[in-house]
Amino acid sequence: MSVSPPTPARFSFRFGLPPSLGNSLARDRAEHLASLIERALGRKVEVSVAASYEALAKDLLAGRADAVWAPPFVCARVEAMGVRVLARGVRRGRSSYRSALVARVGSGLKLETLQGRRVAWVDRDSVAGYLLPVAYLKAKGQEPAKTFASQQLTGSYKASLEAVLGGTADVASVFCPPESTGLTFADGVEVVLPGKGREFELIAYTEEAPNDGVPVGMGVAPELVGQLERALLGLHESEDGKRLLEEIFTAERFEPAPRMGYRALYRVALASL
């Protein structure tokens, strides 16, 4: 009787990125990220860009990804299923952000004049690109399905803002710093479309939400979890790490994520249904 040899344990570590900054941009910088994580973990690292936020969550839960850079609602979803979020991004000294509804400068659009307009959202699981603004509109008595003539999902902030500039949408939403920073929606636009902040005007700001985080799969060995956590928390200590933080994570550093720190976002998700 022949006995099949045991299947060798997978030696690579798979890290997933969301499509929110655009696939081509993320792929261009994936090699840099893989190299840095490889040095920290001492093993080959594969970095991939998920097709959607939903795919990002499913990849992590199914073990197709070992860790992912995820928007807050994805963090909330997987955390509620027992997944640990290792770290969350800190931007301008803050671990939270808000969303801004914006239009092309000169449009004069206000909440009261959105009826019949076209909106470009990022993804139904995107907090700043969908969930927060939809919850905000509903709280103001405006049901998006009835207010807007059309709602398109573009897959990225860049595509949504470009839809407004290109005239295929009238309204979009973008992440931006919290009110306490004194910064405005234009700072969020500049992250996505450098030099274009002045081409948009504000319609409204939403409430704040926790920043994006890095959840890690439940099947990842504890020693790898610890190595990844130390690598993330120490990124800001090197020039390479600082560039990665800026280019991929749009953050200045990581901080430890509090346990179950994202569960409050489920009320936002329910409000957006």
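Use the structure listed above.
Notes on the structure follow. (Residues numbered from 1 in each chain as written. Predicted model: local features only at pLDDT ≥ 70, side-chain atom pairs only at ≥ 80, totals over all residues. Heavy atoms only, no water.)

## Details of the packing of helix α2 (residues 53–62) against helix α3 (residues 72–79)
- As a packed pair, α2 and α3 sit with axes 10 Å apart at the nearest point and diverge in direction by 30 degrees. Relative to α3, α2 is oriented so that their crossing is right-handed. Note on element contacts: α3 touches α2 through Val74, Arg77 and Val78, opposite Tyr53, Glu54, Ala57, Leu60 and Leu61. (Axes fitted to C-alpha atoms, helices over the stretch in contact; angles between N-to-C directions. Helix = DSSP H or I, 4+ residues; strand = E, 2+ residues; numbered from the N terminus. Left-handed = near helix turned anticlockwise from the far one by under 90°. Contact = heavy atoms within 4.5 Å.)

## Some points on the packing of aromatic side chains
- Counted according to the given criterion, the structure contains six aromatic pairs.
- Here Trp69 and Phe249 contribute two aromatic rings whose centre-to-centre distance is 4.8 Å and whose plane-to-plane angle is 85 degrees, an arrangement assigned as edge-to-face. Separated by 180 residues along the polypeptide, Trp69 in the loop between β3 (67–68) and α3 and Phe249 in the loop between α9 (239–247) and β11 (253–256) bring together distant segments of the chain. As far as the burial class goes, Trp69 and Phe249 line up, both buried.
- Arranged with centres 6.2 Å apart and planes meeting at 85 degrees, the rings of Trp121 and Phe148 form a pair that is edge-to-face. In this pair, Trp121 sits in strand β6 (residues 118–121) while Phe148 sits in the loop between α5 (144–147) and β7 (150–153), placing the two residues 27 residues apart along the sequence. (Phe/Tyr/Trp six-rings, centres within 6.5 Å; stacked < 30°, edge-to-face > 60°. Buried < 20%, exposed > 50% of the residue type's maximum accessible area, 1.4 Å probe, protein only.)

## What to know about the pattern of salt bridges
- Scanning all chains against the criterion turns up 13 salt bridges.
- For the salt bridge of Lys158 with Glu162, the shortest nitrogen-to-oxygen distance reads 2.8 Å. Of the two residues, Lys158 and Glu162 are both situated in helix α6 (residues 157–166); the distance of four residues between them amounts to about one turn of the helix.
- Lys158 gets classed as partly exposed once you look at its relative accessible area, which sits at 34%.
- For Glu162, a relative accessible area of 36% translates into the label partly exposed.
- Put simply, Lys242 and Glu239 hold a salt bridge, and the shortest N to O gap is 3.6 Å. Of the two residues, Lys242 and Glu239 are both situated in helix α9; the distance of three residues between them amounts to about one turn of the helix. (Salt bridge = Lys/Arg side-chain N within 4 Å of Asp/Glu carboxyl O.)

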